[in-house]
Amino acid sequence: MSTMEFEEMKKIWDTQNKEPLYVINEAALHRSIKSKKNRATHLTNVNDFGLMAVGIITAIIYSFITETPTIYDYLIVITLFFITGYVWVGRVRRKKREQSFGRTILGDLDHAIASVTYEINRSKNMVWWFVLPLMILIFLNMSQNDVSVWKWVGIASAFVLAALLTRWDYERCHKPKKRRLEALREKLAEEAETNNFNT
């Protein structure tokens, strides 16, 4: 539920007792916020397992298709497993933090904001802990072999595209979502103070 939706809901008056609708439909508001929390948490879980699967599967496939591995081939595989471990540790820490959120309306909203913030930090920094280490190692590995110019261009373009997509996801998806959730939280906190709204 956006801030605009919340404002519209408040403007609807019950015809019998003239009370704002949010007073008598608190459960619906809580369900809406729970739904937002669940969607944010689900997306984060999918991204966690997706990144770990990519790291493990790519490392295994790369190990089998490399016939005469160099030191950089080994480092690439190690880096992929390191990235997988990094994502797993982040997931464990996130799950522990989630236990501190209350089961109230504001608690569930804080939980949703925390999940979105987690995704923001991940996408904002992914170039440094995912894209760049692999790019450096792959380029160093390619420099040891007779690789065509087109392969250099193709792989470099793929890394640039990955970085741009990550930045786009950060700017266009996660940041606006966090702003909307924070605006809603601020509004709910104000209502809780002025109308004794149970949050």
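Structure: above.
Note that this is a predicted model, so its numbers are computed, not measured.

Regarding the pattern of salt bridges
In the structure shown here, the tally under the stated rule is 11 salt bridges. Between Lys95 and Glu98 there is a salt bridge; the shortest N-O distance is 3.8 Å. Remark: Glu98 and Lys95 occur in helix 4 (residues 71–98); sequence separation between them is 3 residues, near one turn of the helix. Using a relative accessible area of 13% as the deciding quantity, one classes Glu98 as buried. Where Glu182 meets Lys178, a salt bridge forms, and the shortest distance between an N and an O atom there is 3.9 Å. Residue Glu182 and its partner Lys178 are located together in helix 6 (residues 149–195), separated by 4 residues, close to a single helical turn. Members of the salt-bridge network, linked through shared partners, are Asp48, Arg91, Arg94, Lys95, Glu98, Glu119 and Arg122.

Section: the packing of aromatic side chains
Throughout the structure, instances matching the rule amount to 4 aromatic pairs. Relative to Trp152, the ring of Phe139 lies with its centre 5.4 Å away and its plane at 40°, an arrangement referred to as tilted. With a gap of 13 residues between them, Phe139 in helix 5 (residues 105–143) and Trp152 in helix 6 connect regions that are remote in the sequence. Note on Trp152: relative accessible area 30%, which makes it partly exposed. Relative to Phe159, the ring of Phe139 lies with its centre 6.1 Å away and its plane at 85°, an arrangement referred to as edge-to-face. Of this pair, Phe139 sits in helix 5 while Phe159 sits in helix 6; the two residues are 20 residues apart in sequence, bridging distant segments of the chain. Note that Arg94 overlies the ring of Tyr118, its terminal NZ or CZ placed 5.2 Å from the centroid.

Description of the layout of surface pockets
What the largest pocket holds in volume is close to 310 Å³. Lining the largest pocket are 14 residues, with Ile138, Met142, Lys151, Ile155 and Phe159 positioned closest to its centre. Secondary structure elements with two or more residues in the lining of the largest pocket: helix 5 and helix 6. In terms of residue count, the dominant contributor to the lining of the largest pocket is helix 5 (6 residues). Tallied by class, the residues present in the lining of the largest pocket amount to 10 nonpolar, 2 polar and 2 charged. In this structure, the second largest pocket occupies an estimated 240 Å³ of space. As for the second largest pocket, its lining consists of Tyr86, Val87, Val89, Gly90, Arg93, Arg97, Tyr118, Asn121, Arg122, Asn125 and Trp129. If you list the elements that add at least two residues to the lining of the second largest pocket, you get helix 4 and helix 5. Here the lining of the second largest pocket gets 6 residues from one element, more than from any other, and that element is helix 4. Split by residue class, the lining of the second largest pocket holds 5 nonpolar, 3 polar and 3 charged.

Analysis parameters
The written sequence of each chain sets the order in which its residues are numbered from 1. Where totals are concerned, whole chains, interfaces and linings use all residues; where local detail is concerned, this predicted model gives features only for residues with pLDDT of at least 70, and gives and counts side-chain atom pairs only at 80 or more. Side-chain metrics in this entry use all non-hydrogen atoms of the structure; hydrogen atoms and water are not considered. Any carboxyl oxygen of Asp or Glu within 4 Å of a side-chain nitrogen of Lys or Arg constitutes a salt bridge here. Numbering of helices and strands runs from the N terminus, with a helix taken as a DSSP run of H or I at least four residues long and a strand as a DSSP run of E at least two residues long. The buried label goes to any residue with under 20% of its type's maximum accessible area, the exposed label to any with over 50%, and the partly exposed label to all in between, with areas taken from a 1.4 Å probe on protein chains only. Only the six-membered ring of Trp is used, alongside the rings of Phe and Tyr, when aromatic pairs are assigned; centres must lie within 6.5 Å, and planes under 30 degrees apart are stacked while those over 60 apart are edge-to-face, with the rest tilted. Charges are assigned to positions over rings by a cutoff of 6 Å between ring centre and Lys NZ or Arg CZ, combined with an angular limit of 35 degrees from the ring normal. Within this scheme a cavity is a closed region of a 1 Å grid, computed over the protein atoms alone, that accommodates a 1.4 Å probe without allowing it to escape, whereas a pocket is open but has protein on both sides within 12 Å along at least five of seven lines; lining residues each have an atom within 4 Å of a point. Grid points are joined across faces, edges and corners, and a volume is the space filled by probe spheres set on the points. Each residue gets one of three labels, nonpolar for Ala, Val, Leu, Ile, Met, Phe, Trp, Tyr, Cys and Pro, charged for Asp, Glu, Lys and Arg, and polar for the others, Gly among them.

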